[in-house]
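# Structural description and commentary
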Amino acid sequence: MPITTPDTHAETSPLAAIRARIAHAAGLAARDPATITLVAISKTKPADAIRPLIAEGQRVFGENRVQEAQAKWPALIEAQPDLRLHLVGQLQSNKAEDAVRLFDAIHALDRLSLLTALARAMDKTGRRVPLFVQVNIGDEPQKGGCAIADLPALLAEAGRADLPIAGLMCVPPAGIEAAPFFALLGRIARDHGLDGLSMGMSEDFETAVMLGATHVRIGSALFGARPAQAQ
Ligand SMILES: *Cc1c(COP(=O)(O)O)cnc(C)c1O
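Residues numbered from 1 in each chain as written. Predicted model: local features only at pLDDT ≥ 70, side-chain atom pairs only at ≥ 80, totals over all residues. Heavy atoms only, no water.

## What about helix α7 (residues 179–191)?
With 13 residues, α7 extends 18 Å from end C-alpha to end C-alpha; this agrees with the ideal 18 Å at 1.5 Å per step. Listing the buried residues of α7 in full gives Ala179, Phe181, Phe182, Leu185, Gly186, Ile188 and Ala189. Tucked into the core, α7 has its buried residues touching α6 (151–160), β6 (165–169), β7 (196–198) and α8 (205–210). Looking one or two places after α7, you find Gly193, whose phi comes out positive at around 70 degrees. (Helix = DSSP H or I, 4+ residues; strand = E, 2+ residues; numbered from the N terminus. Expected span 1.5 Å × (residues − 1). Buried < 20%, exposed > 50% of the residue type's maximum accessible area, 1.4 Å probe, protein only. Contact = heavy atoms within 4.5 Å.)

## Some points on the site of the ligand
Taken together, Ile41, Lys43, Val88, Gly89, Met169, Met201, Ser202, Arg217, Ile218, Gly219, Ser220 and Arg226 are the residues near the ligand. Contacts to the ligand include Lys43, whose side-chain N or O atom sits 2.6 Å from an oxygen atom. Arg217 places a polar side-chain atom, nitrogen or oxygen, 2.9 Å from a nitrogen atom of the ligand. Here the ligand, which alone exposes 390 Å², has 91% of that area covered by the protein. Classifying every residue of the shell around the ligand by side-chain character gives five nonpolar, four polar and three charged. (Near = heavy atom within 4 Å. Polar contact = N/O pair within 3.5 Å; in protein donor to acceptor, adjacent residues only side chain to side chain. Areas by Shrake-Rupley, 256 points an atom, 1.4 Å probe, with all protein chains shown as cover. Nonpolar A, V, L, I, M, F, W, Y, C, P; charged D, E, K, R; others polar.)

## Regarding the side chain of Asp204
Position of Asp204 among the secondary structure elements: in the loop between β7 and α8. Although buried, Asp204 forms no salt bridge, and the nearest oppositely charged side chain, Arg217, lies 7.2 Å from it. Setting aside chain neighbours within four positions, we find Asp204 in contact with Pro172, Ala178 and Phe182. (Lys, Arg positive; Asp, Glu negative; His and termini not counted. Salt bridge = Lys/Arg side-chain N within 4 Å of Asp/Glu carboxyl O.)

## Quick notes on a nonpolar patch on the surface
Together, Leu28, Met210 and Leu211 give the surface a local cluster of nonpolar side chains, amounting to about 270 Å² of exposed area. Mapping Met210 onto the fold places it in helix α8. In this structure Met210 comes out as partly exposed when scored by relative accessible area, which is 42%. (Patch = residues over 30% accessible without salt bridge, like charges linked within 9 Å, V, L, I, M, F, W, Y side chains within 5 Å.)

## Observations concerning the nonpolar core
In terms of nonpolar packing, the biggest core is built from 66 residues, with Phe61 and Ile106 touching the most fellow members. Looking at this core, the element that brings in the most residues is helix α5 (residues 112–125), giving seven residues. Excluding its chain neighbours within four sequence positions, the residues that come into contact with Phe61 are Val39, Ala40, Ser42, Ile50, Leu53, Ile54, Trp73, Leu83, Arg84, Leu85, His86 and Phe223. (Core = buried A, V, L, I, M, F, W, Y, C linked by side-chain atoms within 4.5 Å.)

## Let's talk about the environment of Leu112
Summarising the element assignment, Leu112 is placed in helix α5. Distance from Leu112 to Ala153, taken between C-alpha atoms, is 8.9 Å for residues 41 residues apart in sequence. In contact with Leu112, not counting residues within four places along its chain, are Leu154 and Glu157.

## Some words on the pattern of salt bridges
Summed over the entire model, instances satisfying the criterion amount to 11 salt bridges. As a salt-bridge pair, Arg127 and Asp104 come within 3.7 Å of each other at their nearest N and O atoms. Remark: Asp104 occurs in the loop between α4 (96–102) and β4 (105–109) and Arg127 occurs in the loop between α5 and β5 (131–134); sequence separation between them is 23 residues. In this structure Arg127 comes out as partly exposed when scored by relative accessible area, which is 30%. Relative accessible area serves as the criterion here: at 24%, Asp104 is assigned to the partly exposed category. One connected set of salt bridges, linked through shared partners, spans Glu63, Glu68 and Lys72.

So, in structure tokens, the structure goes:
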């Protein structure tokens, strides 16, 4: 008879496995796992792929396109009103009002023109949506996010506009160790007295948790791979 390794995880769903890994990483860093929000990134995934996670108790989801979210989420939220929706990735100023109406947090503030548009949208709608400032932590020319050097001015302006800044967000450079970039984002956040740290994705969320992430944004490890052009 062949020797088989008992698969103790056979009954474990991807969601349960990710939660366990977050809790383990938090424990290593003496952090309370309850202080870490798992944002399930459902971009490109249809409602049928999302409902099983809702049934399993997941309540916080993330999308990267306003229009896609507007098509998918109102019906899901109507069926489960305690869902919370986060916008990750880039936001055009002309979509700011739609974003403020639909999302409960926006991880995409990266420039003054968008700050102005978001402030106006919040005034108009009466909604105050927590904002994460996206920082171009690896100083990559092709990548979105506020340059580290421009961050103090952007935060000062957010303060003058009385915008609710929840913290900082980053996507570190691909293909190299993420830890130094997470540590740097954490240090910059502390320097500015900000608590929220939106960092860590499917490939590196445990590292991010150990370095202080308060929000991990996990897509493919929960839902399976996306088509290459939809990354
Ligand atoms: C798609 C996306 C994620 C999730 O990426 P995975 O590697 O699938 O976990 C997280 N953050 C942002 C900004 C994204 O666009």
